[in-house]
Amino acid sequence: MDIQGEVAAGFEAVRDAFVRNFEMLGDRGAAVAVYRDGRKVVDLWAGSRDVEGGEGGEPWAAGTAQVVRSATKGVAAVVPLLLHQRGLLDLDAPVGAYWPEFKAGGKERALVRDLLAHRAGVPALDAPLTPGQAADGVSGARAVAGQRAFWEPGSDHGYHAQTYSWLLSELVLQVTGASLGQWLAQEVTGPRGLEFWIGLPAGETGRVGRVGPVEPPSGMAGGLKARPRRNVAEAWADPASLTRRAFAAITPLPDENAPEFRAAELPASAGIGTARGLAGVYAALLGDTEDGAGLFSERTRRLAGTELSSGPDRVLVVNTRFGPGYMLHSPASPLLSAGSFGHPGRGGSLGFADPETGVAFGYVTNAHAKSVTADPRAQALVRAVRGAL
């Protein structure tokens, strides 16, 4: 395997783990980046740009970007937390104070912090949206606003796999008058030259590779740590379960390689970036970096890692932990340490920040495995980072 890029002295084990991901864990094309105290110490890429490329396909380049699925959620969460930091968004205010239409269906008491921590009670829709409706900027917000809550908002939590897109997008639009993707580009990624987009600009389409599902190599464990439990397997097998309904809020599933999907502003699932861009966003949350000034105050940084939800998840059917917009370190979603905050993407991608060590991490892949929150390839890289510290 021809590995491109650089690693700083002491982080060679990350390169070794990256090689093994291709040799043993089925990666086709991927990249990993790590910052330590604001400086890139790992920046590696290898394989083919397109998942089906094979040996004769176009190679992954330094600027190759990919769809990162739910790893988008952690980048998107930067926006409401910065709005809160600037005094424009009160996490303890009802969502309806900013978005009056959201008060319908028993959701009038839902707080902004409930929305961010998957406690808003609307992880699914009674009438799923088509891919076109999901991306039109209007239908999604209208659907979640009118949806009756599946539980009393704030009383429990369940992963809002797809509906998080429209909940967060409309909240940001109501507060700022700008779309979330526009605000992110103007205030976060653009000034720092970070290669990450929620709504891919037309001028960047040529750098994006094709993603697709892959079967794990024989004997490789995948998916949630608790996937063998009968209740988890049953939830995924039952089309009427809240688990299946949450992930099917867009039906049929959109073509992730289609130009219209890549251009859509779907903060739950359609972010596109390089590993360098993903890690760079998280590095900026920890402080100043070689890319530019830090983003979060110390208070906001502590808030990002504050647990707001924990215990049995009504959608994922395992114990999960969430802060305001971020998954927190847990057996179902292992990060670097107890204080880490970030978000995985179903199928492999992962981004997070660890305030204790000053580490920011980004991994992107075009080979989407069956993992949900703990992909073996990402975890192998995290273990290597941990060993290098």
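Above this text sits the structure in question.
Residues numbered from 1 in each chain as written. Predicted model: local features only at pLDDT ≥ 70, side-chain atom pairs only at ≥ 80, totals over all residues. Heavy atoms only, no water.

## Examining the overall build of the chain
Looking only at helices and strands, the chain has 14 helices and 14 strands in total. Relative to the globule expectation of 21 Å for 389 residues, the C-alpha radius of gyration of the chain, 19 Å, shows essentially globular dimensions. Taken over the C-alpha atoms alone, the chain extends approximately 55 × 45 × 40 Å along its principal axes. Buried residues in the chain amount to 60% of all 389 residues. The contacts in the chain between residues at least 6 apart in sequence include a share of 70% that link residues at least 24 apart. (Helix = DSSP H or I, 4+ residues; strand = E, 2+ residues; numbered from the N terminus. Rg over C-alpha atoms; globule rule 2.2 N^0.38 Å. Buried < 20%, exposed > 50% of the residue type's maximum accessible area, 1.4 Å probe, protein only. Contact = heavy atoms within 4.5 Å.)

## A word on helix H12 (residues 275-286)
Along its twelve residues, H12 runs 17 Å from first to last C-alpha, staying within 8% of the 16 Å computed at 1.5 Å per residue. The buried fraction of H12 amounts to twelve of the twelve residues, a majority that puts the element mostly inside the structure. Those residues of H12 that sit buried are Ala275, Arg276, Gly277, Leu278, Ala279, Gly280, Val281, Tyr282, Ala283, Ala284, Leu285 and Leu286. (Expected span 1.5 Å × (residues − 1).)

## Comments concerning the sheet that holds strand E5 (residues 196-197)
Strands sit in the order E4-E7-E5 across an open sheet of three strands; the sheet is antiparallel. Across the chains shown, the open sheet's two edge strands, defined by having one partner strand only, are strand E4 (66-67) and E5. Looking at chain direction, E4 and strand E7 (residues 272-273) are connected through two bridges and run antiparallel. Note on E7: the bridge partner recorded for Gln66 is Gly273. (Pairing = 2+ DSSP bridges.)

## Looking at the pattern of salt bridges
Applying the stated criterion to the full structure yields 17 salt bridges. Note that Glu290 and Lys40 form a salt bridge whose closest N and O atoms lie 2.6 Å from each other. You can see Glu290 sitting in the loop between H12 and helix H13 (298-304) and its partner Lys40 sitting in strand E3 (residues 39-47), a full 250 residues away along the chain. According to the relative accessible area criterion, Glu290 is partly exposed, its value standing at 44%. With its nearest N and O atoms 2.8 Å apart, the salt bridge here joins Arg69 to Glu256. Note that Arg69 is positioned in the loop between E4 and helix H2 (71-76) and Glu256 in the loop between helix H10 (242-247) and helix H11 (259-263), a separation of 187 residues in sequence. We classify Glu256 as buried; its relative accessible area is 16%. Taken together, the salt bridges that share partners define one network made up of Asp43, Glu195, Glu204, Arg207 and Arg276. (Salt bridge = Lys/Arg side-chain N within 4 Å of Asp/Glu carboxyl O.)

## Digging into the environment of Ile3
On the secondary structure map, Ile3 appears in the segment before strand E1 (4-7). With relative accessibility at 10%, the residue Ile3 sits in the buried group. Spatially, the C-alpha atom of Ile3 lies 10.0 Å from that of Asp16, the residues being 13 residues apart in sequence. Sequence-distant contacts of Ile3, that is, excluding residues within four places in its chain, are made with Arg15, Phe18, Val19, Leu44, Trp45 and Ala46.

## Brief notes about the pairing of strand E11 (residues 341-344)
Residues of E11 alternate between two faces, with Phe341 and His343 on one and Gly342 and Pro344 on the opposite face, all of them buried. Bridge count between strand E10 (residues 327-328) and E11: two bridges; the pairing is antiparallel. Residue pairing for E11: Leu328 is matched across the bridge by Phe341. Between E11 and strand E12 (residues 350-354), which follow one another and run antiparallel, lie five residues, and Gly347 among them has a positive phi close to 105°.

## Examining the packing of helix H6 (residues 139-146) against helix H7 (residues 164-176)
It is the contact of H6 with H7, at a shortest axis distance of 8 Å, that shows an interaxial angle of 100°. Judged by the angle between their axes, H6 and H7 are roughly perpendicular. Residues Gly140, Ala141 and Val144 of H6 touch H7, and the partners they reach there are Trp166, Leu167 and Glu170. For the contact of H6 with H7, the per-class residue count stands at four nonpolar, one polar and one charged. (Axes fitted to C-alpha atoms, helices over the stretch in contact; angles between N-to-C directions. Parallel < 35°, antiparallel > 145°, perpendicular 65-115°, else oblique. Nonpolar A, V, L, I, M, F, W, Y, C, P; charged D, E, K, R; others polar.)

## Points about the side chain of Asp43
With respect to the helices, strands and loops of the structure, Asp43 is situated in strand E3. Within the structure, Asp43 has its side chain in polar contact with the side chain of Arg276 (distance 3.0 Å). (Polar contact = N/O pair within 3.5 Å; in protein donor to acceptor, adjacent residues only side chain to side chain.)

## Quick look at the nonpolar core
Counting residues in each nonpolar core, the largest one holds 79 residues, and the members touching the most others are Val78, Trp99, Trp166, Leu285, Leu295, Phe296 and Tyr326. Setting aside its immediate chain neighbours within four residues, Val78 contacts Val188, Val281, Leu285, Leu295, Phe296 and Tyr326. Grouped together as the second largest cluster of nonpolar side chains are 27 residues, Phe11, Phe18, Val19 and Phe352 included. (Core = buried A, V, L, I, M, F, W, Y, C linked by side-chain atoms within 4.5 Å.)

## Considerations on the side chain of Asp114
Relative to the helices and strands, Asp114 resides in helix H4 (residues 112-116). With no salt bridge to any partner, buried Asp114 finds its closest opposite charge in Arg119, at an N-O distance of 4.2 Å. Here Asp114 is in contact with Arg109, Arg119, Ala120, Pro153 and Gly154, once residues within four sequence places are set aside. (Lys, Arg positive; Asp, Glu negative; His and termini not counted.)

## Concerning helix H8 (residues 180-192)
Since there are 3.6 residues in each turn of an α-helix, residues three or four apart along the chain are aligned in direction. Along its 13 residues, H8 runs 17 Å from first to last C-alpha, staying within 8% of the 18 Å computed at 1.5 Å per residue. The largest bend along H8 reaches roughly 45° and is located at Gln186. Contacts from the buried residues of H8 go to H2, helix H3 (78-85), H7, E5 and H12. The positive-phi residue at the C-terminal boundary of H8 is Gly193, with phi of around 65°. (Bend = angle between axes of the 7 residues up to and from the residue.)

## Here's the deal with the packing of aromatic side chains
Going through the model one piece at a time under the given rule, you end up with eight aromatic pairs. A ring pair is formed by Phe18 and Phe22, whose centres lie 5.3 Å apart and whose planes are at 90°; its orientation type is edge-to-face. Here the residue Phe18 and the residue Phe22 both occupy positions in helix H1 (residues 12-24), the gap between them amounting to four residues, near one helical turn. For Phe18, a relative accessible area of 0% puts it in the buried group. An angle of 55° between the planes, with centres 6.2 Å apart, marks the rings of Tyr159 and Phe247 as tilted. In this pair, Tyr159 is assigned in the loop between H6 and H7 and Phe247 in helix H10, connecting sequence segments 88 residues apart. (Phe/Tyr/Trp six-rings, centres within 6.5 Å; stacked < 30°, edge-to-face > 60°.)

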